[in-house]
Amino acid sequence: MSTIAFYDQHSHDFFESTVNADVSELYQAFVAQLPSNARVLDAGCGSGRDSKAFTQLGFNVTAIDASAELAKAASDYIGQHVTVCTFDEIDTSLQFDGIWACASLLHVEASALPNTFEILANSLVNGGVFYCSFKYGDQERIHNGRFFTDANESLVEQWIQQTGLMIKHTWVTTDVRSGRENEKWLNAILIKTLK
């Protein structure tokens, strides 16, 4: 089963397990870099939790997800349309002040991540901010029917070399969901500079 098929099949359970997870601390480093009324792309929005939070902060949010079932649930939750597309199907004519990719790029194969980062970076304005998070490590693996690429600081550095992005800040957190406290996450704030 593909990862997208997994999310289509388990969309209700995934929505319920993530929609109330409190990740508001993660927002701070991202939001601090954004102008007021910023245009934000929630790339792989899942339940729509973060899109809703950013909308409530006054940002103009575009949400996408590759799972049609999750996009449907997120659309209802946010109260706005969520576009069903993969990262490489993004409408490149759109430009954003910020891109939020929380626990979503980790489903892209490591060999494809440089290209994926480049596609997303091309949608960012110069000086724009890009948040991403990965499970901490250096493996590619299948876990419970989903594909994961784990990351550490040097892997992220490698993946963004040709993209015009630079690392501003990385930090490691633990999973906020109950029973998952032993899982470590790498968080990164990247800034778009001129290529």
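Conventions adopted
Residues numbered from 1 in each chain as written. Predicted model: local features only at pLDDT ≥ 70, side-chain atom pairs only at ≥ 80, totals over all residues. Heavy atoms only, no water. Axes fitted to C-alpha atoms, helices over the stretch in contact; angles between N-to-C directions. Helix = DSSP H or I, 4+ residues; strand = E, 2+ residues; numbered from the N terminus. Parallel < 35°, antiparallel > 145°, perpendicular 65-115°, else oblique. Left-handed = near helix turned anticlockwise from the far one by under 90°. Contact = heavy atoms within 4.5 Å. Buried < 20%, exposed > 50% of the residue type's maximum accessible area, 1.4 Å probe, protein only.

1. Let's talk about the packing of helix α2 (residues 11-18) against helix α5 (residues 68-78)
It is at 9 Å that the axes of α2 and α5 come closest, and there the two elements cross at 45°. It follows that α2 is oblique to α5 by the angle criterion. Note on packing geometry: the crossing formed by α2 with α5 is right-handed. Listed contacts from α5 to Ser 11, Phe 14 and Phe 15 of α2 are Glu 69, Leu 70, Ala 73 and Tyr 77.

2. A closer look at unusual backbone geometry
Phi at Asn 37 takes a positive value of approximately 60°, unusual for a residue other than glycine. Along the chain, Asn 37 falls in the loop between α3 (24-31) and β1 (39-43). On the basis of relative accessible area, Asn 37 is assigned to the exposed category, the value being 59%. One non-glycine residue with positive phi stands out, namely Asn 144, at about 50°.

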